[in-house]
Amino acid sequence: MDWLDGLLWRGRREARFDSGSASSNSIVLTKRHSQVSLTKQDAATGHLRINLNWRMRTSDISGSQRESLLRHPFKALKPPEVMGHSQSMVNVDLDLGCLYELMDGTKGVVQPLGGFFGDVNAAPYVKLSGDDRFGSASGETIYVNLDHREAIKRILVFVYIYDQTPAFDRTHAIVTLYPSNGPRIEIGLDERHPQARSCAVVMLENVKGEMIVRREVKFVYGFQAELDRLYGWGLQWGRGYKTKAER
């Protein structure tokens, strides 16, 4: 009987989440299965961790090597060179940020640009951990304090390329949400948009007291102001620059 109950429980869980992997304990949001409820997952409390991690696509790193071998086939006899993950090779700076709107009408942005890192224990109950410029293993992380979920109306998480050549087609980026309970939630940015500079990735929204996570993955050719217009935030924007410390 216990074995049968376990099968029934697993079936209910898979029906609830629609998409996921039991082996990796994750939910992958796709166009077809685009949202999940943190409330129904009993994960609408504590700190929700939102992480951006990215790396260069392998094909782009090795592409120049393949072209060189075609022109100089005898190079294949030489020992392979070890290529470091250096700034000169990467030359891409993906940043994580979010637009927020609170129930009292307060609106704003949390992002490295301008040093708007937020606060996790006071309004807006959202904080950015720091700025990763080179795609390190830890990436960039936003924390959302869901113990104050009644004060949060919506949060739009976005990724943008700071002051560099558009290169979403050269990077493999993934945004992962780690709730306080249950499987992590993953959104991959694998669509090829070579000229895009920003991407609205995921919306966290309070819908009649239920915290919903919804995949967006909408690439735009501008920056935060264009995302603002797309989602009707109504903020005033100006050209921003990072300080030397932020760089």
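Cut-offs used in this document
- Residues numbered from 1 in each chain as written.
- Predicted model: local features only at pLDDT ≥ 70, side-chain atom pairs only at ≥ 80, totals over all residues.
- Heavy atoms only, no water.
- Buried < 20%, exposed > 50% of the residue type's maximum accessible area, 1.4 Å probe, protein only.
- Helix = DSSP H or I, 4+ residues; strand = E, 2+ residues; numbered from the N terminus.
- Pairing = 2+ DSSP bridges.

Digging into the pairing of strand 12 (residues 198-207)
In step 1: Burial within strand 12 is extensive, with eight of its 10 residues counted as buried.
In step 2: By the bridge criterion, seven bridges tie strand 9 (residues 152-161) to strand 12 in an arrangement that is antiparallel. Note on strand 12: the bridge partner recorded for Val-159 is Cys-199.
In step 3: Relative to strand 13 (residues 210-220), strand 12 runs antiparallel, the two being bridged by nine bridges. Bridging across to strand 13, Asn-206 finds its partner in Met-211.
In step 4: Between the end of strand 12 and the start of strand 13, which pair antiparallel, lie two residues, with Lys-208 showing a positive phi angle near 55°.

Thoughts on the sheet that holds strand 6 (residues 118-119)
In step 1: Strands sit in the order 1-11-10-3-8-7-6 across an open sheet of seven strands; the sheet is mixed. Either end of the sheet is taken by a strand with one partner, and the two such strands are strand 1 (26-28) and strand 6.
In step 2: Bridge count for strand 3 (residues 47-56) against strand 10 (residues 171-178) is eight bridges, and the pairing is antiparallel. Counterpart to Asn-53 in the pairing with strand 10 is Ile-174.

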